[in-house]
Amino acid sequence: MNFSDQYFMKQAFIEAQKAKEKDEVPVGAIVVCNNQIIARTHNLTETLNDVTAHAEMLAITSAAEFLGGKYLHDCTLYVTLEPCVMCAGALNWAQLKRIVYGAADEKRGFSRCQPSLIHPKTTITSGIMNDESQQIIQDFFKSKR
């Protein structure tokens, strides 16, 4: 982990907090290109009534629009929770340089379900702000029970 990983994951965590305030599953994501944040998103599945409106999916769309192309070769996605299989498939197609995530998703994370989904040139870093990312998710679901 380097300083910028910590800084950028904090930015993704701010997005997760925004999701929690909207009563969405608190997952936040940002996309960074050339050390600049080009996309900031959080889960909006309830708000948009759309099961595909995960933070990662919205981040891919926003970053591609910003760059004017569908491939994110020089970009890093920072996301507070390990991407699910749906998001991992989309991330594969987007061909990101790197994915950095906070907490592992024991039930739906791609690494347990389908680790080969990520593009072969994409590097993965996990566990950045793991405790905070895990806690916000746990608190959210405890409040729902």
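The numbers attached to residues start from 1 for each chain and follow its sequence in the written order. Thresholds applied to this predicted model are a pLDDT of at least 70 for local features of residues and 80 or more for the giving and counting of side-chain atom pairs; totals over whole chains, interfaces and linings are not thresholded and use all residues. Heavy atoms throughout the structure, all of them, feed into the side-chain values; hydrogens and water do not.

The name an unreviewed UniProt entry assigns to the chain is tRNA-specific adenosine deaminase, from the organism Carboxylicivirga sediminis. UniProt positions are given in the numbering used here, feature names are shortened, and annotations may be inferred rather than shown by experiment. Under Catalytic activity (unreviewed entry), UniProt gives the following word-for-word description of the chain: "adenosine(34) in tRNA + H2O + H(+) = inosine(34) in tRNA + NH4(+)". UniProt's Subunit (unreviewed entry) comment on the chain is quoted here verbatim: "Homodimer."

Glancing now at the layout of surface pockets. One number sums up the size of the largest pocket: a volume of about 760 Å³. Broken down by element, the lining of the largest pocket gets its largest block of residues, 6 residues, from helix α6 (residues 130-144). Taken together, the residues that form the lining of the largest pocket break down as 10 nonpolar, 5 polar and 11 charged. Of the two site types, the cavity is a set of points on a 1 Å grid over the protein atoms alone where a 1.4 Å probe fits but cannot get out, and the pocket is an open set with protein on both sides within 12 Å along at least five of seven lines, each lined by residues with an atom within 4 Å of a point. Grid points are joined across faces, edges and corners, and a volume is the space filled by probe spheres set on the points. Runs of H or I in DSSP of at least four residues are treated as helices and runs of E of at least two as strands, each being numbered from the N terminus. Charged means Asp, Glu, Lys or Arg here, nonpolar means Ala, Val, Leu, Ile, Met, Phe, Trp, Tyr, Cys or Pro, and polar covers whatever is left, Gly included.

In this section: helix α3 (residues 55-67). In an α-helix, one turn spans 3.6 residues, which is why side chains three or four residues apart end up on the same side. Taking 1.5 Å per residue, 13 residues should reach 18 Å; α3 reaches 18 Å between its end C-alpha atoms and fits that length. Using a 1.4 Å probe on the protein chains alone, a residue whose accessible area is under 20% of its type maximum counts as buried, one over 50% counts as exposed, and one in between counts as partly exposed. Every buried residue belonging to α3 is among Ala 55, Glu 56, Ala 59, Ile 60, Ala 63 and Ala 64, and all of these are buried. The buried residues of α3 occupy an angular sector of 155° when projected down its axis, which confines them to one face. We call two residues in contact when some of their heavy atoms are within 4.5 Å. Where α3 is buried, its residues touch β1 (28-33), β2 (36-42), β3 (75-81) and α4 (85-94). In a helix, the anticipated span is given by 1.5 Å times the number of residues less one. Regarding the arc, it is the one traced by the directions from the helix axis to the C-beta atoms.

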